[in-house]
Amino acid sequence: MRSARMRYDRESCYYHVFNRVSGEPGWHPFGEVEREEMFRIMDHVNKLYAIDIVSFVAMGNHFHAVVRAPSELPGLAEVKRRFKAYYGKDREAPDWRMKVNYETYARRMRDVSALMKDFQQHFTNWFNRTRPHGRRGGLWADRYKSVILESGRAVWECVQYVEMNPVRAGLVADAADYRHSTWGMLCGSGRHCFGVRLSEHLIGGLKEAVLIGKRRHNEEQLNDDEVITCLRVKLAQLTAIESGADEAAFTEAENRARKKPSFVLTSQRRMRHWTEGAIIGSKLFVKSMTAEFYGDERAEKKRFDDSGAGLVSFRQLRVQL
């Protein structure tokens, strides 16, 4: 039986969303063309939505994304602009003088479920249409999975987890070399492919993370380039550890990154928490979200899964290394 999806609308909220194809476990139908089309469709669909695509990675049979839904509904001017950018001349604009029309589209434009539904349907339609002999039916194994992320440390760690997927899969030796990821495209072009200011979403996590350690900076002292450098350092450290690098190799990676490494590397592990944990963040955050969805009594009695690195998840799950 499906459980109700957790969605938080009172404030801006981060989510890790994930889905894979149905069929045999070893089936990897997404090659270069399909992965590029995933990015094209996500970029097109996101014209309608006032949602930040912070991190996105297209793999051979699945995708990962870290997104942020805004706290407020978009204003009428933005709703009109997004409607026109997405539909163009294909659909006549509704009568915006009617409040119900504005509110319907405004609510949709900050709805992560609606975004994912449109993305998956558009991609499935394209995929089925472009097969050599045609194809019918569904493509995805189930509804997409989503995990609520606390802003700050949880987002910082999850972005690393997402962007490290191609390295763990053995597709590239460096996450920056993977073309079908936001990080790979950022490193290759110097800009975020979905127009997001990445540092805005990572700065809070950097302030909490051990990466900065005793040389902790204030938010005002870290500019965009320094935040991106910190992420590059972290991914380089994770890559060195994933490859079983010896001390000398790790030191070389450290010197290239010009930063002191961290050894609390929760994102290096193949953790089911990032796809099935439901809510991830500090214990206080997860407890408050539990109370929001299930009431104070359950929140008090609930036992959360402690990762041992300052983050807990709503669901208790076995760690997969």
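One can find the structure itself at the top, above this paragraph.
Residues numbered from 1 in each chain as written. Predicted model: local features only at pLDDT ≥ 70, side-chain atom pairs only at ≥ 80, totals over all residues. Heavy atoms only, no water.

Once that is clear, we can look at the overall build of the protein chain. A tally of regular secondary structure across the protein chain gives 13 helices and 7 strands. Buried residues in the protein chain amount to 50% of all 321 residues. In the structure as shown, the protein chain presents an accessible area of about 16700 Å², 46% of it carried by carbon and sulfur atoms. (Helix = DSSP H or I, 4+ residues; strand = E, 2+ residues; numbered from the N terminus. Buried < 20%, exposed > 50% of the residue type's maximum accessible area, 1.4 Å probe, protein only. Areas by Shrake-Rupley, 256 points an atom, 1.4 Å probe, with all protein chains shown as cover.)

Now for the pairing of strand β2 (residues 52–58). Among the 7 residues that make up β2, 6 are buried, leaving the element largely enclosed by the rest of the structure. With 6 bridges connecting them, β2 and strand β3 (residues 62–69) associate as antiparallel partners. Opposite Asp52, over in β3, you have Arg68 as the bridge partner. Connecting the antiparallel pair β2 and β3 is a turn made up of 3 residues. (Pairing = 2+ DSSP bridges.)

Once that is clear, we can look at the pairing of strand β1 (residues 13–20). Most of β1 sits out of view: 7 of its 8 residues are buried. Here 8 bridges tie β1 to β3, and the two strands are oriented antiparallel to one another. Across the sheet, Asn19 pairs through a bridge with Phe63, a residue of β3. As judged from the 5 bridges shared by β1 and strand β4 (residues 145–149), these two strands associate in the antiparallel manner. When the sheet's bridge partners are listed, Phe18 is paired in β4 with Lys145.

Counting 52 residues, the largest nonpolar core has Met38, Phe56, Val112 and Phe123 as the members making the most contacts within it. Of all the secondary-structure elements, those providing two or more residues to this core are β1, α1 (32–45), β2, β3, α2 (76–87), α3 (99–109), α4 (112–129) and α12 (283–294). Not counting the four nearest positions on each side in its chain, Phe56 is found in contact with Met38, Phe39, Met42, Phe63, His64, Ala65, Phe119, Glu163, His180, Ser181, Thr182 and Phe194. Listed in part, the 34 residues of the second largest apolar core include Tyr14, Trp183, Ile228 and Cys230. (Core = buried A, V, L, I, M, F, W, Y, C linked by side-chain atoms within 4.5 Å. Contact = heavy atoms within 4.5 Å.)

Pairs may arise between side chains of opposite charge once their charged atoms sit close together. Going through the model one piece at a time under the given rule, you end up with 16 salt bridges. Across the pair Lys287 and Glu300 runs a salt bridge whose closest N-O atoms are separated by 3.3 Å. A residue pair is termed long-range when its members are at least 10 positions apart, and Lys287 in helix α12 and Glu300 in helix α13 (residues 296–301) qualify at 13 residues. Classification of Lys287 by relative accessible area gives partly exposed; the value is 28%. Note on Glu300: relative accessible area 56%, which makes it exposed. One connected set of salt bridges, linked through shared partners, spans Glu32, Glu36 and Arg179. (Salt bridge = Lys/Arg side-chain N within 4 Å of Asp/Glu carboxyl O.)

Structurally, the α-helix is built with 3.6 residues per turn, so residues lying three or four positions apart point the same way. With 12 residues, α2 extends 16 Å from end C-alpha to end C-alpha; this agrees with the ideal 16 Å at 1.5 Å per step. All of the buried residues along α2 are Val79, Arg82, Phe83, Tyr86 and Tyr87. Along the axis of α2, the buried residues cluster in a sector spanning 105°; they form a single face. Facing away from the buried side of α2 by over 90 degrees, the exposed positions are Ala77 and Lys84. Where α2 is buried, its residues contact α1, α3 and α4. Within two residues after α2, Gly88 carries a phi angle of roughly 60°, on the positive side. (Expected span 1.5 Å × (residues − 1). Arc of directions from axis to C-beta.)

Quick look at the side chain of Glu150 now. Of note, Glu150 is situated in the loop between β4 and α5 (153–163). For Glu150, which is buried and forms no salt bridge, the nearest opposite charge comes from Arg153, at a distance of 9.7 Å. Within the structure, the side chain of Glu150 is placed 2.4 Å from the backbone nitrogen of Ser282, a separation counted as a polar contact. Glu150 has contacts with Val155, Ile280, Gly281, Ser282 and Phe285, leaving out every residue within four places of it along the chain. (Lys, Arg positive; Asp, Glu negative; His and termini not counted. Polar contact = N/O pair within 3.5 Å; in protein donor to acceptor, adjacent residues only side chain to side chain.)

Our focus in this paragraph is the side chain of His64. Along the chain, His64 turns up in strand β3. Side chain to side chain, His64 and His62 meet in a polar contact 3.5 Å long. Residue contacts for His64: discarding those within four places in its chain leaves His16, Val17, Phe18, Ser55, Phe56, Val57, Tyr161, Val162, Asn165 and Thr275.

Interpretation note: all reported values are geometric properties and have no functional meaning in isolation.
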